[in-house]
Amino acid sequence: MRSTDRIGAGPYARLAETPRRKAGALSYANTKNLPEAEIHRRAAQLIQDRFVHADAVMRCFGPAILCRSGGDPSDFGDVNFPELNTQSKFLVLADTSTPQQVSRFVEKFWGLEKPEIIISVTGSALDFELHPILQRAFDKGLTAAASAANAWVITGGTDTGVMKLVASSLSSSGVSMPILGFSPFGAINEREKLERVYGGASTMVSTKATKDGAPLNAHHTHFLLVDSGKHGVKAWGTEINLRVAFESFYLERKSVPMVLLVVQGGPGTLATVLETAKKGSPIVVVADSGGAATAIKQYIEGHGEGSLSNWTSPHGKVEDLAVKFGTEKPLGQLREIRKCNEESGGKLITLFQVNNDGVLEATEDMSNVLLQAIVRLWVAGGGDSTS
């Protein structure tokens, strides 16, 4: 049986023959008497054929190319959320997967178009509330920015904290856009329902989040569930490296600008902000959301360690930022974040906040703040920040 018979008739059969047919055309014997321009043309054609073949393979057999941490085939399919009557795509993949593989799967197998901008959201995994004025501005602005810029929004994917806040805001707008959740498979409640689905559908219901796991958020459109082989509390954070690599791949290899949106957050959020700052990507901080976001604001505006003070939530809860972020490691991270911002001429970090009189201080709505944060850095860098 020929290889083309196994793949089938039509264009895929011809693609299967392409690499072997073209390879001979570039042998020394076949090219030694050809003009240099013709050799370059044939080489370029060979490279294009191989890319077309790789895309076709991923489009037809994507999940079979990827695997889980133990080498088992990747689980994939649809997950239904009956309580909200929504359906999402999911893929379970090893934490050792490459960003190139994931990118090709997302675009070729799932069929998502390459975004114009990536809005990456980081912050608290605990539930919280924003100031009412800030919440309204956040809801309206995030939706406008994401839809106007043909954006992908990327979060941690669970039904908690900032992930829930962002996905709910986007969903309530009624605007359709990709919301991708990068989550640790070993810390997802009812994850056994997603095993051995292999292209079928499964149903998940709302469950309570604990230190050992959390439910998926039903408003996300796609889930990339990263399997490290760890489970429960040990699985948290095992998805971060692949998520960062995926976002960096689009920024550095596909010239897609990225903006990091920081809402609330604990000490771990500072590490994400610092890594983004070192890469020179713009950062928009919802400064009055508390936690790491407010600590960044206080440290930048107060110029030093002594600037961290108490923050009071809209419901009167007091958070002592000097205690929470005043140890050696978070202070060092805050110091480096401020340095990166100063080296950019203050263009790296944009604060979005409400003043003491309850008035939104930003002169633009959040959609413009997000998009202009990218433009400011691009212009300041001579137009090369996304190349």
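In terms of helices and strands, the protein chain carries 13 helices and 12 strands. Out of the 387 residues belonging to the protein chain, those deemed buried represent 50%. If you take every contact in the protein chain between residues at least 6 apart in sequence, the share linking residues at least 24 apart comes to 72%. Surface exposure of the protein chain reaches about 18200 Å², of which carbon and sulfur atoms provide 52%.

For the rest of this paragraph, the subject is the environment of L126. Mapping L126 onto the fold places it in the loop between strand 3 (117-123) and helix 6 (132-148). By relative accessible area, which is 65% here, L126 ends up exposed. C-alpha separation for the pair L126 and A209, spaced 83 residues apart in sequence, amounts to 9.5 Å.

Moving on, we get to the pattern of salt bridges. The final tally for this structure, using the stated rule, is 12 salt bridges. Notably, a salt bridge pairs E195 with R68, separated by 3.1 Å at the nearest N-O pair. With a gap of 127 residues between them, E195 in the loop between strand 5 (179-184) and strand 6 (201-203) and R68 in the loop between helix 4 (36-65) and strand 1 (76-81) connect regions that are remote in the sequence. The salt bridge partner of E336 is K278, with a shortest N-O separation of 3.8 Å. In this pair, E336 sits in helix 12 (residues 328-343) while K278 sits in helix 9 (residues 267-279), placing the two residues 58 residues apart along the sequence. According to the relative accessible area criterion, E336 is partly exposed, its value standing at 38%.

Relative to the elements of secondary structure, F109 occurs in helix 5 (residues 99-109). Distance from F109 to P63, taken between C-alpha atoms, is 8.3 Å for residues 46 residues apart in sequence.

The next thing to look at is the side chain of E247. Turning to its location among the elements, E247 is positioned in helix 8 (residues 240-252). Among all residues touching E247, those that are not within four sequence positions of it are S120, I154 and M258.

Another aspect to go through is unusual backbone geometry. With the exception of glycine, most residues fall at negative phi, and the peptide bonds are largely trans. The phi dihedral of E190 is positive, around 60°, even though this residue is not glycine. Within the fold, E190 resides in the loop between strand 5 and strand 6.

So, about the packing of aromatic side chains. A full pass over the atoms with the stated rule returns 9 aromatic pairs. When the ring of W152 is compared with that of Y250, the centres are 5.2 Å apart and the planes differ by 65°; the resulting orientation is edge-to-face. Of this pair, W152 sits in strand 4 (residues 151-155) while Y250 sits in helix 8; the two residues are 98 residues apart in sequence, bridging distant segments of the chain. Of the two residues, W152 and Y250, neither departs from the other in class, the shared state being buried. Feature note: the residues W152, F182, F246, F249 and Y250 constitute an aromatic cluster, connected by ring pairs.

Here we come to the pairing of strand 2 (residues 86-94). If a strand is regular, its side chains alternate between the two faces of the sheet. Relative to strand 2, strand 1 runs antiparallel, the two being bridged by 6 bridges. Opposite V79, over in strand 2, you have S88 as the bridge partner. Between strand 1 and strand 2, which follow one another and run antiparallel, lie 4 residues, and N85 among them has a positive phi close to 55°.

Within the secondary structure, P330 is located in helix 12. Between the alpha carbons of P330 and A271 there is a distance of 8.4 Å; along the sequence they are 59 residues apart. Discounting chain neighbours no more than four positions away, the residues touching P330 are L270 and F325.

On to the sheet that holds strand 6, then. The 10 strands are arranged 6-1-2-7-5-4-3-8-9-12 in an open sheet whose pairing can be described as mixed. Strands at the two margins of the open sheet, each flanked by one partner only, are strand 6 and strand 12 (349-352). Strand-to-strand twist across the sheet, computed as the mean angle between neighbouring axes with direction ignored, equals 25°. Summarising the sheet, strand 9 (residues 283-286) and strand 12 pair through 4 bridges and their orientation is parallel. Its bridge partner being in strand 12, I283 is matched across the sheet by I349. The sheet contacts of helix 8 involve strand 2, strand 3, strand 4, strand 5, strand 7 (222-227) and strand 8 (258-263), and relative to strand 4 the element is tilted by about 160°.

Running from N to C, helix 10 (residues 291-302) and helix 12 point in directions that differ by 60°, and their axes come no closer than 10 Å. Considering the angle they form, helix 10 stands oblique to helix 12. Our pair here, helix 10 against helix 12, has a crossing hand that is right-handed. Between helix 10 and helix 12, the contacting residues are A295, I296, Y299 and I300 on the first element and L331, L334, R335, R338 and N341 on the second. Tallied by class, the residues present in the contact of helix 10 with helix 12 amount to 6 nonpolar, 1 polar and 2 charged.

The rules behind the values
- Residues numbered from 1 in each chain as written.
- Predicted model: local features only at pLDDT ≥ 70, side-chain atom pairs only at ≥ 80, totals over all residues.
- Heavy atoms only, no water.
- Helix = DSSP H or I, 4+ residues; strand = E, 2+ residues; numbered from the N terminus.
- Buried < 20%, exposed > 50% of the residue type's maximum accessible area, 1.4 Å probe, protein only.
- Contact = heavy atoms within 4.5 Å.
- Areas by Shrake-Rupley, 256 points an atom, 1.4 Å probe, with all protein chains shown as cover.
- Salt bridge = Lys/Arg side-chain N within 4 Å of Asp/Glu carboxyl O.
- Phe/Tyr/Trp six-rings, centres within 6.5 Å; stacked < 30°, edge-to-face > 60°.
- Pairing = 2+ DSSP bridges.
- Axes fitted to C-alpha atoms, helices over the stretch in contact; angles between N-to-C directions.
- Parallel < 35°, antiparallel > 145°, perpendicular 65-115°, else oblique.
- Left-handed = near helix turned anticlockwise from the far one by under 90°.
- Nonpolar A, V, L, I, M, F, W, Y, C, P; charged D, E, K, R; others polar.

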